[in-house]
Each structure stands twice: as C-alpha cells, then as structure tokens.
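Residue-level structural notes
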Amino acid sequence: MDGVRVRFAPSPTGNLHIGGAHTALFNWLWARHMGGKFVLRIEDSDRERSTLEYEESIYSGLEWLGLLWDEGPRAGGPYGPYRQSERLEIYREYAGKLVDRGLAYREGEAIIFRVVPGEIVSFDDIVYGHIEVKSETLKDIVMIKSDGMPTYNYAVVIDDYTMSITHVIRGEDHIANTPKQILLYKALGFELPQFAHLPMILGKDKKKLSKRHGATNVLEYKDMGFLPEALFNFLALLGWSPGDDREIFTIEEAVELFDIKDVNKRAAVFDMDKLRHINQEHIKRMNPDKRLEAVKPFWEDLGLPYHNHSSDYLAKVLGIMEGRGQTLKELAEYTDYFLTFEPVKERVDREYAATSKEVLGPFCEDMIKLSQWETKALEDFAREWSNKKEVPLKKIAMPLRILLTGTKVSPGIFEVIELLGKDETIKRLSHWGILNVSE
Ligand code: GLU
C-alpha cells in the first residue's frame, strides 16, 4: 500500500457544520499523523441544492480550523477533477462496464445495479468492528439517475477508488450505506479501502446535534470568539483522547498522538461549557501579541477605540484579565473600561457616585499624593489608610471599582488603577465629583 490517502467529501448544500468539521478533522489528523494526503472532494451531484456560496463557506470553515487540504479544488492534484459535477464521464464509463457485463441494467436513462440475494456482505470497521448484512436486505442500487447524475452510493465508490483513497473515515450515519458500496466495489473488481466510521455527536439532551443545541455552523464559533485551536481541541475529544487525562493540547500534539484505531464508538456529547473552558485555557496559553491581535476585531465590533492606546498597554490589559472571559468576545467586553471611560458613564449613575463621596473623597485626595503609582504601593497605602481611619477596606475598594470600571467584577482594583494611570484615574474620579480637580 502506498501512503495513507484520506478524503473529506462534503456536499455543498450547507455551511461547514460541527459534524462535518469533526469528520474533516479526524481525516486530517490521520493524514498528518501518517504523513499521508488529505483530499477534499466536493460532492455536488445534487444540482438543485448545491451552491458555490456553500462551497466557499466550507473552504473558509476548513481554512479557519487549519484543516488545509493537499489535493482538491483550488489546491489541484493528480487525481482531479475534485468536484463530482466535473466527473460525469468517469461515472458513465464505469456504469457502462457493469451494464455490458450484465451486472447492471438500464431503466430509461437510469442505470441500476442488480443486487443478487444469498450473499453475506461484510466488512471490519476500524471503529465499529465486524459488520455484516445479508444481500437480500438490500434493494437494487441506482447508480445513475434518469437526469444523468450519479447517486451518492455509486459516485463515492468510483471516486474513492480512482482517487486511491486508503481509508474512508466518515460519520456513523454512513454505516448503513457501506454494504451497498461494498457490493459495487466487488462488482467493479476494485480493492476495498479500510472503513472507519466516527461516532455520532449528540446534544446534551442526548438527541442528535441540531440547531436547537446552539450554533452548528463552524464559522459562527469564530464570530463568537472561539479560537480555532480550541475548537480543534474540543472536536478532537469527541470520540478520541490523547490517552492520559490530558484535555488541553495543541494541534501538533494531537497530530503526534492520534491513531484512528483509538477512536471510540460511543456517541460523543457536544458540551458547550466544556468548549468554553477549553477556549479559556487556550486563550491563557496564547502568546500575548497573538492574543492581542485576536481580540482587536472584537473591540472593533464593539466600537471601542483600541487604536488610541499603545500595544504595550493593550497587551497588559489582556494580561491582567488572565482567567476572566472564556471567549475573545467576552475578553473584549470585559475590558471596555480600559479603552474608554464612556461605557462606565453609561453603567453608573451619579447618585451612586454622590453617596460614595463621603468615604471616597478623603481617601482619593490622599491617594493622588502618592508618588509611586503602582499596585503594591497603592495597596499598602490603602491598607494603612483604612486602619488609620477605621474604615473597612472593602468600603473603599468596591465603590472605587464601580466608579472606575462600571462593574463589580474586575481584576484587583489597584492593578486596574496602576494600569489606568494616575491621570486617567484622576480624570474619572473628578467626573464623578469625588475629586475636585477640573476635567
Ligand atoms: N457527501 C457525503 C456527506 O456529506 C459524503 C459521505 C462520505 O464521506 O462517504 O455525507
């Protein structure tokens, strides 16, 4: 056997959905692990429902996830064309051979394969094990429809064979199709590839994953602020694990450890909380510059003026958010007050500021006399001040936090104050009338 050749064969009748991405990913992993080839084939034989827009959107989804194909549309390759609608000649040719040999018959324009009873059709699935059915349970197989287009079960056999596919890795919903395909392989005298069917993905309610469970289009996850490497990590865990208890891994680690034989046939549950957790872990592990670049589009969407600040400042902002925010979008939202005072003004009312003034006023007057504007010095000062004046620290910290950030949850308030800087802090406190420095 030559090197491993696998394929992902989506029908461009919809966007790249979670199930499709899962299948593509396992194929890609197996190809990369084995140093083989990952082929993309567009199964557009349903002319009514296939569109070029969906095709484009599938490419974008795969590219975003990093599942680049070695052969296929755009990439080219020696086994093309890679779009079924461009392979009609090939399908006609092989179907004609079966008619000539009396194994298939014509019915009008259609060509139909005759299933002979009394045969056991069996295969050993890498994931599901031995599967067999009696041929009498199968009906004759339409190969070419009266409109001249091939059916899925027929075209897939011709394509996988002529593209020298070694492993057919696809969703378990195709197990039922496999015996029909095997009959065609045998009739045509083709050597069988190995089959590996992947477990079904269920929603948390154990029903087949659908729109009801949340976004199904992969690119929606991009817009929600998920990192491709996190979605990759999450999808890889649906039916596979690296062997130890490790839940967080890089794409490179998955490539190294993946083995198609380790795939588990138990249906896998799509757990959004787990995806969010994995995303957070990947955000934490990101290089600060990359993380900054990844958050920028989300600040942009929120209309926040990140370009008014230095990269150094913005990277520090994200740095002190460590552990807060499970998506890039949340990170962008949770840091809005670092970029501009405006959202704080919207979230806090003047009355609140007025009632805080009695305690905060004297505290802040003293605070701005500090020469060292950094967390530790600010904290020490606050602690001493609260002891001396017998005012509990939290009576200072909470209103200070609310007036500066417009929220009750933020990183340590003195870290926030250090980062905002003395001028900005004074400006904000003056706005609320806590300090009497003119704006
Ligand atoms: N076009 C089929 C699908 O999207 C491909 C199935 C297969 O991989 O054989 O389900």
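Since the structure is predicted, the reported quantities are computational estimates derived from the model, not experimental observations. Numbers given for residues are sequential positions, taken from 1 along each chain in its written order. For a predicted model such as this one, the threshold for reporting local features is a pLDDT of at least 70, and the threshold for listing and counting side-chain atom pairs is 80 or more; totals across whole chains, interfaces and linings nevertheless cover every residue. No hydrogens and no water enter the side-chain calculation; it runs on all heavy atoms of the structure.

A look at the overall build of the chain
Put simply, the rule is: Labels follow the DSSP assignment, with helices taken as runs of H or I lasting at least four residues and strands as runs of E lasting at least two, numbered in each case from the N terminus. Two things to know: the radius of gyration comes from C-alpha atoms, and the globule rule equals 2.2 Å times the number of residues to the power 0.38. The contact definition used throughout considers only heavy atoms, calling two residues in contact when any of these lie within 4.5 Å. Using the Shrake-Rupley algorithm and a 1.4 Å probe, accessible areas are obtained, with residue cover drawn only from the displayed protein chains.
Looking only at helices and strands, the chain has 19 helices and 11 strands in total. The C-alpha atoms of the chain give a radius of gyration of 30 Å, which is well past the 22 Å a tight globule of 439 residues would have. Expressed as a percentage of contacts within the chain between residues at least 6 apart in sequence, the contacts between residues at least 24 apart total 73%. In the form shown here, the chain has an accessible surface area of approximately 20,600 Å², with 49% of it arising from carbon and sulfur atoms.

Concerning the nonpolar core
To keep it simple, the criterion reads: Joining through side-chain atoms within 4.5 Å is the link that ties buried Ala, Val, Leu, Ile, Met, Phe, Trp, Tyr and Cys residues into a set, and such a set is a nonpolar core. Between buried and exposed lies partly exposed: a residue is buried under 20% and exposed over 50% of the maximum accessible area for its type, with that area taken using a 1.4 Å probe on protein chains only.
Ranked by internal contacts, the top residues of the largest apolar core, which has 144 residues, are Met143, Leu231, Trp299, Phe338, Phe363 and Leu400. Broken down by element, this core gets its largest block of residues, nine residues, from helix α1 (residues 18–34). Discounting chain neighbours no more than four positions away, the residues touching tryptophan 299 are Leu292, Leu304, Tyr306, Leu314, Leu318, Ala332, Thr335 and Leu339.

Things to note about the pairing of strand β8 (residues 167–171)
Quick reminder of the rule: Pairing between strands is defined by DSSP: at least two bridges between them are needed. By convention, orient the strands away from the viewer: a clockwise path from the first strand over the helix to the second makes the crossover right-handed.
Taken across its five residues, β8 has five buried, putting it largely inside the fold. Bridging between β8 and strand β9 (residues 194–198) involves five bridges; their strand directions are parallel. By the bridge assignment, arginine 170 is partnered in β9 with histidine 197. Once the chain exits β8 it traverses helix α5 (residues 178–188) before rejoining the sheet at β9, and the crossover so formed is right-handed.

Concerning helix α19 (residues 422–431)
Within the sequence span of α19, burial applies to Thr425, Ile426, Arg428, Leu429, Ser430 and His431. Taken from the residues just after α19, glycine 433 is the one with a positive phi, measuring 80°.

Considering the site of the ligand
Spelled out, the test is: Whether a residue is near a molecule or strand depends on its heavy atoms: it is near if one of them lies within 4 Å of it. Any residue outside Ala, Val, Leu, Ile, Met, Phe, Trp, Tyr, Cys, Pro, Asp, Glu, Lys and Arg is labelled polar, Gly included; the first ten of those are nonpolar and the last four are charged.
Lining the immediate environment of the ligand, one finds Arg7, Ala9, Ser11, Glu43, Tyr152, Val156, Arg170 and His174. Protein chains shield 79% of the accessible area of the ligand, which is 300 Å² for the free molecule. Taken together, the residues that form the shell around the ligand break down as three nonpolar, two polar and three charged.

A look at the UniProt feature "binding site: ATP" (unreviewed entry) in the chain
Operational definition: UniProt positions are given in the numbering used here, feature names are shortened, and annotations may be inferred rather than shown by experiment.
UniProt marks Lys211 with the feature "binding site: ATP" (unreviewed entry), using the numbering shown here. Topologically, lysine 211 is positioned in the loop between β10 (201–202) and α6 (218–223).

So, a negative patch on the surface
We count it as follows: Residues forming no salt bridge and having over 30% relative accessible area are the ones grouped into patches, like charges within 9 Å of each other and nonpolar side chains (Val, Leu, Ile, Met, Phe, Trp, Tyr) within 5 Å. Salt-bridge detection follows one rule: a side-chain nitrogen of Lys or Arg within 4 Å of a carboxyl oxygen of Asp or Glu. The positive count covers Lys and Arg only, the negative count covers Asp and Glu only, and His and the chain ends enter neither. Every charge is mapped to an atom, namely NZ of Lys, CZ of Arg, CG of Asp or CD of Glu.
A cluster of acidic side chains, namely Glu220, Asp223, Glu300 and Asp301, defines a negative patch on the protein surface. When residues of the negative patch are traced back to their parent elements, those giving at least two are α6 and α10 (288–301). Locating glutamate 300 in the fold gives a position in helix α10.

Side note on the side chain of glutamine 84
For the record, the criterion: In the analysis that follows, any N or O atom pair within 3.5 Å is treated as a polar contact, provided that within protein one partner can donate a hydrogen and the other can accept it, and provided that, for residues neighboring in sequence, both atoms belong to side chains.
Along the chain, glutamine 84 turns up in the loop between α2 (52–65) and α3 (88–100). Side-chain polar atoms of glutamine 84 contact the side chain of aspartate 159, separated by 2.8 Å. Excluding residues that lie within four positions of it along the chain, glutamine 84 makes contacts with Arg41, Ile42, Glu43, Asp44, Ser45, Tyr91, Ala155, Val156 and Asp159.

Looking at the pattern of salt bridges
Summed over all chains, the structure comprises 34 salt bridges. Close ionic contact of aspartate 159 with arginine 41 constitutes a salt bridge, the shortest N to O distance being 3.5 Å. Of this pair, aspartate 159 sits in helix α4 (residues 152–162) while arginine 41 sits in the loop between β2 (37–40) and α2, placing them 118 residues apart in sequence. In this pair, the class of aspartate 159 matches that of arginine 41, namely buried. Across the salt bridge formed by aspartate 380 and lysine 376, the nearest N and O atoms sit 2.8 Å from each other. You can see aspartate 380 and its partner lysine 376 sitting in helix α16 (residues 375–389), four residues apart, about one turn around the helix. Aspartate 380 gets classed as partly exposed once you look at its relative accessible area, which sits at 28%. One salt-bridge network, held together by shared partners, links Arg7, Arg41, Glu43, Arg87, Asp159 and Asp160.

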